[in-house]
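Spelled out from the first residue to the last, the chains are:
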Amino acid sequence: MGFTSGRTNEGLGRRDLIKRSAALGLIAVPTMSFLSACASSDTGTDEKVEKGTKSAKNPLGVNETAALEVVIFNGGFGEQYAIDAEKKYNEAFPKAPKVKHAATEKIQSTLQPRFNGGTPPDLIDNSGAEQMDMGVLVGKNQLADLTPLMDAPSYDDPAKKVRDTLRPGVLEMGQFEGDPVWVMYYAYTVYGVWYSQTNLEKLDATYPENWDDMLALCAKAKKKGIAGWTYPGKYPYYLPFSLYPFIGKIGGREVLDKIDNLEPNAWKDPAVKAAFEAYYELFQKGYILKGTPGLTHIQSQTEWTKGKALFIPNGSWVENEAAPTTPDDFKMMVGAPSSLDSSDKLPFGTLWASGGEPFVVPAKAKNPEGGMEQLRIMLSEESSKNFTKSVKSLTAFNGGTDGLTLSTAMQSGVDVLKKAGDNVLNPRLQDWYVKLQKEQIGIAGIGEMMAGRATPAETIKKIQAFADAAAKDQSVKHYKHQ
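Residues numbered from 1 in each chain as written. Predicted model: local features only at pLDDT ≥ 70, side-chain atom pairs only at ≥ 80, totals over all residues. Heavy atoms only, no water.

Identification of the protein chain as N-acetylglucosamine/diacetylchitobiose ABC transporter substrate-binding protein from Streptomyces mutomycini is taken from an unreviewed UniProt entry. If you open the UniProt record of the protein chain and go to Subcellular location (unreviewed entry), you find "Cell envelope". (UniProt positions renumbered as here; feature names shortened; annotations may be inferred.)

Trainee: I keep staring at the overall build of the protein chain and nothing clicks. Help me out?
Mentor: Counting its secondary structure elements, the protein chain contains 20 helices and 10 strands. Relative to the globule expectation of 23 Å for 482 residues, the C-alpha radius of gyration of the protein chain, 23 Å, shows essentially globular dimensions. Each principal axis of the C-alpha atoms in the protein chain carries an extent, and together these give about 75 × 50 × 35 Å. Residues classed as buried in the protein chain amount to 57% of the 482 residues present. Summing over all exposed atoms, the protein chain offers an accessible surface of approximately 19,700 Å²; the carbon and sulfur share of this is 50%. If the 55 positive side-chain charges of the protein chain are averaged to one point and the 58 negative ones to another, these points end up 4 Å apart. (Helix = DSSP H or I, 4+ residues; strand = E, 2+ residues; numbered from the N terminus. Rg over C-alpha atoms; globule rule 2.2 N^0.38 Å. Buried < 20%, exposed > 50% of the residue type's maximum accessible area, 1.4 Å probe, protein only. Areas by Shrake-Rupley, 256 points an atom, 1.4 Å probe, with all protein chains shown as cover. Lys, Arg positive; Asp, Glu negative; His and termini not counted. Charge placed at Lys NZ, Arg CZ, Asp CG, Glu CD.)

Trainee: Can you help me understand the domain arrangement of the protein chain in this one?
Mentor: In many reports, interface size means the accessible area that the parts give up when they come together. On domain assignment, one finds that the protein chain holds domain 1 (69–188 + 356–407) and domain 2 (190–353 + 426–472). Each side of the interface is counted separately: domain 1 has 14 residues, and domain 2 has 10 residues. Each partner contributes to the roughly 950 Å² buried at the junction of domain 1 and domain 2, and carbon and sulfur atoms together form 40% of this total. A per-residue breakdown of the area domain 1 buries against domain 2 is headed by Met-173, Tyr-188 and Lys-392, which together make up 46% of the total. Along the contact surface separating domain 1 from domain 2 lie five residue pairs in polar contact (both at pLDDT 80 or more). Listing elements by their share of the side of domain 1 that touches domain 2, those giving two or more residues are α7 (170–174) and β4 (184–196). (Domains from an automatic or database assignment. Contact = heavy atoms within 4.5 Å. Buried area = accessible area lost by both parts, 1.4 Å probe. Polar contact = N/O pair within 3.5 Å; in protein donor to acceptor, adjacent residues only side chain to side chain.)

Trainee: Is there a simple way to explain empty space enclosed by the protein in this structure?
Mentor: Empty space among the atoms can be located by rolling a probe the size of a water molecule over them. Computed from the structure, the largest cavity encloses a volume of approximately 90 Å³. Taken together, Tyr-188, Val-190, Trp-194, Ser-316, Glu-319, Lys-392, Ser-393, Leu-394, Ala-409, Met-410 and Gly-413 form the lining of the largest cavity. Considering only residue class, the lining of the largest cavity consists of six nonpolar, three polar and two charged. Residues from two domains meet in the lining of the largest cavity; each of domain 1 (69–188 + 356–407) and domain 2 (190–353 + 426–472) gives at least three. (1 Å grid on protein atoms, 1.4 Å probe; cavity = no way out; pocket = protein on both sides within 12 Å on 5 of 7 lines; lining within 4 Å. Points joined across faces, edges and corners; volume = space filled by probe spheres on them. Nonpolar A, V, L, I, M, F, W, Y, C, P; charged D, E, K, R; others polar.)

Trainee: What's the story with the side chain of Thr-305 in this structure? I'm lost.
Mentor: Within the fold, Thr-305 resides in helix α13 (residues 297–305). Classification of Thr-305 by relative accessible area gives buried; the value is 3%. A distance of 3.0 Å separates a polar side-chain atom of Thr-305 from the backbone oxygen of Thr-302. In contact with Thr-305, not counting residues within four places along its chain, are Ala-322, Thr-325, Thr-326, Pro-327 and Phe-330.

Trainee: Teacher, can you tell me more about the packing of helix α12 (residues 270–284) against helix α19 (residues 434–450) here?
Mentor: For any two helices packed against each other, the geometry is given by the interaxial angle and the distance between the axes. Taken N-terminus to C-terminus, the directions of α12 and α19 make an angle of 45°; their axes are 8 Å apart at the nearest point. One element, α12, and the other, α19, form an angle in the oblique class. On the side of α12, the interface is formed by Phe-276, Tyr-279, Tyr-280 and Phe-283, while α19 contributes Ile-446, Met-449 and Met-450. Its residues assigned to classes, the contact of α12 with α19 shows seven nonpolar, no polar and no charged. (Axes fitted to C-alpha atoms, helices over the stretch in contact; angles between N-to-C directions. Parallel < 35°, antiparallel > 145°, perpendicular 65-115°, else oblique.)

Trainee: Sorry, what's going on with the pattern of salt bridges here?
Mentor: Opposite charge on two side chains allows them to pair when their charged atoms are near. In the structure shown here, the tally under the stated rule is 12 salt bridges. For Asp-151, the salt bridge identified is with Arg-163, shortest N-O distance 2.8 Å. One end of the pair, Asp-151, is in helix α6 (residues 147–151); the other, Arg-163, is in the loop between α6 and α7, and 12 residues separate them in sequence. On the accessibility criterion, Arg-163 (25% relative accessible area) is partly exposed. (Salt bridge = Lys/Arg side-chain N within 4 Å of Asp/Glu carboxyl O.)

Trainee: I would appreciate a short explanation of the environment of Val-255 in the present structure.
Mentor: Tracing the chain through its elements places Val-255 in helix α11 (residues 253–260). Judged by its relative accessible area of 3%, Val-255 falls in the buried class. Counting along the chain gives 31 residues from Val-255 to Gly-286, while the straight-line C-alpha distance between them is 29 Å.

Trainee: Can you walk me through the pairing of strand β1 (residues 69–73) in this structure?
Mentor: Each regular strand displays side chains that alternate between the two surfaces of the sheet. Burial analysis of β1 places five of its five residues in the buried class, the great majority of the element. The alternating pattern of β1 places Glu-69, Val-71 and Phe-73 and Val-70 and Ile-72 on opposite faces, both of which are buried. Across two bridges, β1 lies against strand β3 (residues 123–125) in parallel orientation. Bridge assignment links Val-70 to a residue of β3, and that residue is Leu-123. (Pairing = 2+ DSSP bridges.)

Trainee: I keep staring at the packing of aromatic side chains and nothing clicks. Help me out?
Mentor: Geometry of an aromatic ring pair is reported as the spacing of the ring centres plus the angle between the planes. All chains considered together, the criterion is met by 32 aromatic pairs. With a centroid separation of 5.0 Å and an interplanar angle of 65°, the aromatic rings of Phe-77 and Phe-387 are classed as edge-to-face. Of this pair, Phe-77 sits in the loop between β1 and α3 (80–92) while Phe-387 sits in helix α16 (residues 381–391), and the two are 310 residues apart along the sequence. Exposure remark for Phe-387: the relative accessible area of 0% places this residue in the buried category. Pairing Tyr-89 with Phe-93 gives two aromatic rings, centres 4.9 Å apart and planes at 50°, and the pair type is tilted. Judged on exposure class, the residue Tyr-89 and its partner Phe-93 are both buried. An aromatic cluster is present here, built from Tyr-191, Tyr-235, Tyr-237, Tyr-238, Phe-241, Tyr-244, Trp-267, Phe-276, Trp-317 and Trp-352 joined pairwise through their rings. For Arg-167, the ring lying beneath its charged end belongs to Tyr-188, and the centroid distance is 5.6 Å. Note that Arg-428 overlies the ring of Phe-176, its terminal NZ or CZ placed 5.7 Å from the centroid. (Phe/Tyr/Trp six-rings, centres within 6.5 Å; stacked < 30°, edge-to-face > 60°. Lys NZ or Arg CZ within 6 Å of the ring centre and 35° of its normal.)

Trainee: Explanation requested: the environment of Asp-156 in the structure shown.
Mentor: Here Asp-156 shows up in the loop between α6 and α7. Taking the C-alpha atoms as reference, Asp-156 lies 44 Å from Ala-309; in sequence the two are 153 residues apart. The contacts of Asp-156, once residues within four sequence positions are left out, are Ser-380, Glu-381 and Phe-397. Within the local environment of Asp-156, its side chain forms a polar contact with the backbone nitrogen of Glu-381, the two atoms lying 2.7 Å apart.

Trainee: What exactly am I supposed to notice about the packing of helix α9 (residues 211–223) against α12 here?
Mentor: Two elements in contact, α9 and α12, have axes separated by 11 Å at closest approach and are oriented at 10°. Considered as vectors, α9 and α12 are oriented roughly parallel to each other. Two secondary-structure elements touch here, α9 through Trp-211, Leu-215 and Cys-218 and α12 through Ala-278, Tyr-279, Glu-281 and Leu-282. Looking at the contact of α9 with α12 residue by residue, the class counts come to six nonpolar, no polar and one charged.

What follows is the structure, encoded as C-alpha cells:
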C-alpha cells in the first residue's frame, strides 16, 4: 500500500502492539439445482459389473473383462499422466477393453447429465473451476467409500497398505466425518511464503525465521524500493495459505481444529488476534506492494517474479503458473511461516501441506473396483515419478522423488516437508465450507483488513459472526475433526 494507516500507533513497539495471552485453482460453487439433481437421482438402470476374484495381483477383486471409464480435469496438470497410468491398467487386465478416457475443463456441466441419470464414470478427477462441491456430494451419499483401496496392498510393496504410503494429511482430507474415505487427493501441495533466493541474496539476507527478522528485512527492502509482500488482492483467500499455519504455529493445531469445527468464539482465540495483528503490521508499515488489493493471482505473481516484492503467500502450483514470467536465475523457494516469538506452541518449520487434485469414485459407478485399482496404480512409485517429472508437482505418494533432478522450488518443498516432520497442519475450511472460506473470511474479512479498511479486532468480530451463521445454517452439511 506504500503508506501508513491512520490507525498506526507509531509509539508502540511490536510486543506492545501484538499483546496476547497465548497464541483454489479457483473453484466455483456448483448451483443448487445441479447438487439437488445429483443428490436425488435414483433413476439409473445400468447395473454394476460383477466383481472379480481377489488375488495377490488383483487385491481389489477387479472384474478382469469389465470396461473402465475415467474422466480427467484437463487443467494445469494436463491429462497425459492419467493416460500413462491407464496404460498400466490395460497391461494388468488385457482381457478388458481399452480404458475409456476423456478430459475436460468443465467437470460439472459435462457430468451433470451422467449423475442425473445415475450413470456416472468409474473414476473422476473432480477439479477445476467447475468442480463439484465435495461436501455436498459426501453429504448426499453420491461417492463410494475408498476404504477398500486404502486397506489394499500398495502397488510396489504388498507388505504395506496403500494408506501407509501416503503423505501426511492426505488420508484425513478424504475423511469428511468418521472413518470412511470419500476422496483421494492425488497431487500434494505445499503452502507457505514463497520467495526468490536470488532476490534475498541481493539484499544479503536469508529467509526470516521469526517475525522481528521478517519486519527488519521488509524495512531493508523498502529502502531499496522493494515491497516486502504482495498477494492476490482480488482473491485474498490466498492469504490463509501462510496465515492459517501461522495461527496454528502460535496457538497449536487445536486452534485451527476449533475454527474448522465452527466452535463458538474460535476466532477470538489469542492466537488469531496475535497473527492478525502481525499481518496487519505489514500494512501499517507500508510493507505491502502498492496496488496489491487490485491484483489478481496472476498479476501479483508477475509483480513478485519481476522482483517488486520479496514474499507472496501461495501453493506449490505457483512454479508452473508463474513460469512464463519467472527469470531463469530466480531460484524459487518456499518458507514455513516465521515464528512470532519463543512462546509459540509449535516450532519453526510448521506449515500447511495437503492433498490436491481430488479423485472420486461415484457411488453409482458401474466398475468401482476398477476405479479404485486405477488409483492404486497411480499411487505406485513409477506413476508418481512420472507425474512429478511431467508437471513439476509432488503426489500423495510419500516418495517418488529419488533419482529425479528437481527444480529449486520442488526441492524446497521436499526440504520444508522434511523439516516439518509431524508438524504439518491441514485446515479444512476450504474443503468443508467454500462460501465461508472464500467470500466471507477471505474477501469480506481478511481482504478488508489487509487493505487497511478494517482493524484486526473488527475483522475478528466480523469473521466470528460469519462462522456462527454458518454453524446455524441447517441447509449446510456440517463436519468436525474426529
